[in-house]
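Here are the chains, one letter per residue:
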Amino acid sequence: MIIDGKALSLSVKTELKEKVSDFERQFGRKISLAVVLVGNNPASQVYVKNKIKATEFIGINSVSVILKEDSTLEEIKDKVINLADDSSIDGILVQLPLPKGIDENEVLKLIPPEKDVDGFSSANVGNLLLGKPSVVACTPLGVLTMIKSVNYDLKGKNAVVIGRSNIVGKPMALLLLQEDCTVTICHSKTKNLTEICKNADVLIVAIGKANFVKEDMVKDGALVIDVGINRTENGIVGDVDFENVKNKASYISPVPGGVGPMTIAMLMQNTYNCALKRVKNGL
Ligand code: GUN
């Protein structure tokens, strides 16, 4: 069965649209998301455009901050500090990657945890690790929402995550652990990758290599989620060879139309949750 991220994202966004309009009625103001884009990375430009489109659909106000490719760390930090201090801003998103030579951590640490809609701050990552309430990174949260949408029971399952990035692999593994999976994180130095993957009831692939996962790496009846977005001459493809794997998996997510739209829907959900928490805390 195909897990349709596009359809699921639409239902999440439609539900949020209602909640956002209730928020406005109740608190007499709009929710505002600041989007910071530095430089000319074409993929980042597309992602940011799609994020802004989603805010428009839902009724969230967006504030775009576009900075040149050759911006200095100080210039970027100044913008983020201004947004952090601006009480009309509920959420701040700094699109990654930042241009070469800019230390992302120096920028991300200026985002107050209560406005950190991406869940990248040390406080939010730390709370996730401790199993405390936190803002969870949008892509792993989208993956978990997709798995739950088909009522898949994660308890006690062998889950394998390929990829150990701060944005996807690490938080994904923590979320699956919280759902009582036995979790293995694989990466570029992993030995016997095929053997490990073959044992996975749940296989999450975020390796960034087009069509990398083939049938021989997949257990019969596995649930396979493809986080990859690779631009090839045949268009956008995932990290999983969909045609090759689809008949072996019990559930599989496509690319495009899988995790990508869910990341954006979760960003909207995080923004709404941050805004609600801010008003409840009198901010
Ligand atoms: N770059 C790749 N994925 C993401 C994401 O989820 N958020 C941000 N801010 N940048 C990204």
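Refer to the structure printed above.
Residues numbered from 1 in each chain as written. Predicted model: local features only at pLDDT ≥ 70, side-chain atom pairs only at ≥ 80, totals over all residues. Heavy atoms only, no water.

Peer 1: Looking at this model, I keep getting lost on the overall build of the protein. Mind explaining?
Peer 2: Across its full length, the protein holds ten helices and ten strands. The C-alpha atoms of the protein give a radius of gyration of 19 Å, which matches the 19 Å a tight globule of 283 residues would have. Projected onto its principal axes, the C-alpha positions of the protein cover 50 × 40 × 35 Å. Residues classed as buried in the protein amount to 49% of the 283 residues present. Within the protein, counting contacts between residues at least 6 apart in sequence, those at least 24 apart form 70% of the total. Carbon and sulfur atoms form 50% of the exposed surface of the protein, whose accessible area is close to 13600 Å². One finds the centroid of the 34 positive side-chain charges in the protein at a distance of 1 Å from the centroid of its 33 negative side-chain charges. (Helix = DSSP H or I, 4+ residues; strand = E, 2+ residues; numbered from the N terminus. Rg over C-alpha atoms; globule rule 2.2 N^0.38 Å. Buried < 20%, exposed > 50% of the residue type's maximum accessible area, 1.4 Å probe, protein only. Contact = heavy atoms within 4.5 Å. Areas by Shrake-Rupley, 256 points an atom, 1.4 Å probe, with all protein chains shown as cover. Lys, Arg positive; Asp, Glu negative; His and termini not counted. Charge placed at Lys NZ, Arg CZ, Asp CG, Glu CD.)

Peer 1: Looking at this model, I keep getting lost on the sheet that holds strand β5 (residues 182-186). Mind explaining?
Peer 2: Strands in a sheet are paired, the pairing made by backbone hydrogen bonds, and the direction either parallel or antiparallel. Ordered by their spatial adjacency, five strands build an open sheet running β5-β4-β6-β7-β10, and the pairing between neighbours is parallel. Of all the strands in the sheet, the pair left with one neighbour each is β5 and β10 (251-252). Of the strand pairs in this sheet, strand β4 (residues 158-162) and strand β6 (residues 202-205) are connected by four bridges, and their pairing is parallel. Looking at the pairing, Val 160 lines up with Leu 203 of β6. Relative to the sheet, helix α7 (residues 169-178) contacts β4, β5 and β6, its axis offset from that of β4 by approximately 170°. (Pairing = 2+ DSSP bridges. Axes fitted to C-alpha atoms, helices over the stretch in contact; angles between N-to-C directions.)

Peer 1: I would appreciate a short explanation of the packing of helix α1 (residues 5-27) against helix α10 (residues 259-280) in the present structure.
Peer 2: Packed helices, taken two at a time, are described by their axes: the angle between them and the distance between them. Look at α1 against α10: their axes get within 9 Å of each other, and the N-to-C directions meet at 20°. It follows from the interaxial angle that α1 and α10 lie roughly parallel. With respect to the hand of their crossing, α1 and α10 are arranged in left-handed fashion. Packed against α1, whose contacting residues are Gly 5, Lys 6, Leu 8, Ser 9, Val 12, Lys 13, Leu 16, Lys 19, Val 20, Phe 23 and Phe 27, the element α10 presents Pro 261, Met 262, Ala 265, Met 266, Met 268, Gln 269, Tyr 272, Ala 275, Leu 276 and Val 279 at the interface. (Parallel < 35°, antiparallel > 145°, perpendicular 65-115°, else oblique. Left-handed = near helix turned anticlockwise from the far one by under 90°.)

Peer 1: Would you mind going over the pattern of salt bridges with me for this structure?
Peer 2: If the charged atoms of two oppositely charged side chains come close together, the side chains can form a pair. Applying the stated rule across the entire model yields twelve salt bridges. A salt bridge links Arg 29 to Asp 90, with the shortest nitrogen-to-oxygen separation between them at 2.8 Å. With Arg 29 in the loop between α1 and β1 (32-38) and Asp 90 in the loop between α3 (73-85) and β3 (91-94), the pair connects residues that are 61 residues apart, well separated along the chain. Arg 29 gets classed as partly exposed once you look at its relative accessible area, which sits at 25%. Glu 106 is the partner of Lys 109 in a salt bridge, and the nearest nitrogen-oxygen pair spans 3.1 Å. Taking relative accessible area as the criterion, Lys 109 reaches 57% and is therefore assigned exposed. A single network of salt bridges, built from pairs that share partners, joins Glu 74, Lys 77, Glu 106 and Lys 109. (Salt bridge = Lys/Arg side-chain N within 4 Å of Asp/Glu carboxyl O.)

Peer 1: Would you mind showing me how to read the site of the ligand here?
Peer 2: Near the ligand you find Lys 51, Leu 93, Val 94, Gln 95, Leu 96, Asp 118 and Phe 120, and these make up its full shell. Contact distances for the ligand include 3.3 Å between a nitrogen atom and a side-chain N or O atom of Gln 95. Considering the ligand on its own, with 280 Å² of exposed area, one finds that the protein chains cover 85% of that surface. For the shell around the ligand, a count of residues per class yields four nonpolar, one polar and two charged. (Near = heavy atom within 4 Å. Polar contact = N/O pair within 3.5 Å; in protein donor to acceptor, adjacent residues only side chain to side chain. Nonpolar A, V, L, I, M, F, W, Y, C, P; charged D, E, K, R; others polar.)

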